[in-house]
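One-letter residues, chain by chain:
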Amino acid sequence: MGKASMQTLKAPADSRAKELAGEGGSRREDARGEGTGSRGQSEENRRYHVLKVLFRKETAEFINSRRMILFVVLTALITVSGFYAAVSGLAEAIEGGNTATDFLFLKLFTVSANSIPSYNSLMALMGPFIGIFMGFDAINSERTEGTLNRLVSQPLYRDQIIISKFLAGLFISAVMVFASGLLIGSVGLIATGLIPSGEEVARLFIYLCFCVIYIGFWLAAAILFSTICRHAATSALACIAVWLFCAIFVSLLAGIIADAMYPVNGNEMQAMMNEMKNYSCELNLNRISPYYLFAEAAGTVLNPGVRAINAVTIAQLSGAISSNLTLGQSLLLVWPHLTGLAALMLVVFAISYVSFMRQEIRSR
């Protein structure tokens, strides 16, 4: 009886010990999990803090550099020239009766006069230089001066360096573009007395966002060449060569290829059959260029009278009502342009990111 009673007393004691051991183990696991979670959260906070510090550093260095003077002068020339052309051309258009009475405020960005291009045309042509100025020596200058190896020796991740440079350049571009657009709008409001409607303000905001993404593409391209090339002059020349190719030679090559694939100089029947195909082929080839994508999308957003961006047949025109498109309908037309341009910017930056991460950085 004594042994049996002792065994019965030990059984609940052993089970209780196992329960306490299980509770202790679970508590230790919970504490370990909480510690791991807190460490992961602190690591994320540290990475965010380091990225914010690098972002401020890159922004301050660019603002305090001499290049900022050239940057401001270029933006001011685009703004003043575009505004002068808009005011002169708008007055002539109103006197001649060639301008509709609605959406006159948007004409400040699209009207040209006296052989001076409009603000939209100047931004499409000269806007890439803003991105090129900020990024053509982003990496190779620090490598040449020997500051890059000291920077990566600090307790930070290497990818934060190139991400902070891109974000700082994109932020400065956005500030300058929106300041330029708001300056034209405010001075135009005072000079002409045109009060913009809500839809005009929304279209202007979307257009300025297009400008920022367009400049961001050239900033990413400049950072890419700065990562690949060892000298800043080489990367700058490479960026300018790409700009010339996209702005001039893509349209020439598109016309040559379209005429070779669908000739329109043969007999009359063949020319009629190939005319639509020739135009569509040339249009699609032109859309490879970011310059053409931006120009087509900006013209559609700023001009509600644009009802189509592709080839339109006579059968489609028959019975169509002549009216302006709403903001939503205009966005449906240019949404592929916006997503395509943003995708190009991200792809180019991703290539520069991978190239920078794979490079070996040695101490001098």
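A brief structural summary. (Residues numbered from 1 in each chain as written. Predicted model: local features only at pLDDT ≥ 70, side-chain atom pairs only at ≥ 80, totals over all residues. Heavy atoms only, no water.)

**Quick word on the overall build of the chain**
Let me state the cut-off plainly: Only DSSP runs of H or I with at least four residues qualify as helices, and only runs of E with at least two residues qualify as strands; both kinds are numbered from the N terminus onward. The cut-offs for exposure are 20% and 50% of the maximum accessible area for each residue type, with area from a 1.4 Å probe on protein chains only; residues under the lower value are buried, those over the upper are exposed, and the others partly exposed. Values of accessible area rely on a 1.4 Å probe in the Shrake-Rupley scheme; residue burial ignores everything except the protein chains shown.
The secondary structure content of the chain amounts to 12 helices and 0 strands. Secondary structure elements of the chain, listed N to C terminal, follow the sequence α-α-α-α-α-α-α-α-α-α-α-α. Taken across its 364 residues, the chain has 39% of its residues classed as buried. As displayed, the chain offers around 20,400 Å² of accessible surface, 64% of which is attributable to carbon and sulfur atoms.

**Things to note about the nonpolar core**
We apply this condition: What is meant by a nonpolar core is a set of buried Ala, Val, Leu, Ile, Met, Phe, Trp, Tyr and Cys residues, joined one to another through side-chain atoms within 4.5 Å.
Ranked by internal contacts, the top residues of the largest apolar core, which has 68 residues, are Phe 71, Phe 109, Met 123, Phe 166, Tyr 207, Phe 210 and Phe 294. With 17 residues, the single largest contributor to this core is helix 7 (residues 198-228). If you look at the next biggest cluster of nonpolar residues, it comprises 5 residues, including Ile 132, Ala 222, Ala 236 and Cys 239.

**Concerning the packing of aromatic side chains**
The description of two aromatic rings rests on the distance between their centres and on the angle between their planes. Cut-off, in case you're wondering: To pair, rings of Phe, Tyr and Trp, with the six-membered ring standing in for Trp, must have centres within 6.5 Å; the planes then decide the type, stacked if under 30 degrees apart, edge-to-face if over 60, and tilted in the middle. Put simply, a charge is over a ring when the Lys NZ or the Arg CZ is close to the ring centre, within 6 Å, and near the line of the ring normal, within 35 degrees.
This structure, assessed with the given rule, holds 12 aromatic pairs. Relative to Tyr 119, the ring of Phe 109 has its centre 5.6 Å away and its plane inclined at 75 degrees; by these criteria the two rings are edge-to-face. Here Tyr 119 lies in helix 3 (residues 119-135) and Phe 109 lies in the loop between helix 2 (67-96) and helix 3, a separation of 10 residues in the sequence. Assessed through its relative accessible area of 0%, Tyr 119 is described here as buried. These aromatic residues form a ring-pair network of at least three members: Phe 105, Phe 109, Tyr 119, Tyr 207, Tyr 214 and Phe 294. One residue, Arg 158, lies across the ring of Phe 356, its end atom 5.9 Å from the ring centre.

**Looking at the pattern of salt bridges**
To keep things clear, this is the line we draw: What makes a salt bridge here is a side-chain nitrogen of Lys or Arg within 4 Å of a carboxyl oxygen of Asp or Glu, nothing more.
The final tally for this structure, using the stated rule, is 7 salt bridges. Residue Arg 67 is joined to Asp 137 by a salt bridge in which the shortest nitrogen-to-oxygen separation is 2.6 Å. Of the two residues, Arg 67 is situated in helix 2 and Asp 137 in the loop between helix 3 and helix 4 (140-145); the sequence distance between them amounts to 70 residues. Judged by relative accessible area, Arg 67 falls into the partly exposed class, the value being 24%. Classification of Asp 137 by relative accessible area gives buried; the value is 13%. Residues Lys 165 and Glu 142 are paired through a salt bridge, measuring 2.8 Å at the closest nitrogen-oxygen approach.

**Thoughts on the packing of helix 6 (residues 159-192) against helix 7**
This is how the line gets drawn: Only C-alpha atoms enter the line fits that serve as axes; for helices the fit covers just the stretch in contact. Angles between N-to-C directions range over 0 to 180 degrees. Two helices crossing with the near one rotated counterclockwise from the far one by less than a right angle form a left-handed crossing, whereas a clockwise rotation gives a right-handed crossing. Any pair of residues with heavy atoms lying within 4.5 Å of one another is described as a contacting pair. Note on residue categories: nonpolar means Ala, Val, Leu, Ile, Met, Phe, Trp, Tyr, Cys or Pro, charged means Asp, Glu, Lys or Arg, and polar means any other residue, Gly included.
Remark: helix 6 packs on helix 7, axes separated minimally by 9 Å, with the N-to-C direction vectors making an angle of 145 degrees. Crossing of helix 6 over helix 7 shows right-handed handedness. Listed contacts from helix 7 to Ile 162, Lys 165, Phe 166, Gly 169, Leu 170, Ser 173, Ala 174, Val 177, Phe 178 and Gly 181 of helix 6 are Phe 205, Leu 208, Cys 209, Cys 211, Val 212, Ile 215, Gly 216, Leu 219, Ala 220, Ile 223 and Thr 227. Here the contact of helix 6 with helix 7 is built from residues that sort into 15 nonpolar, 5 polar and 1 charged.

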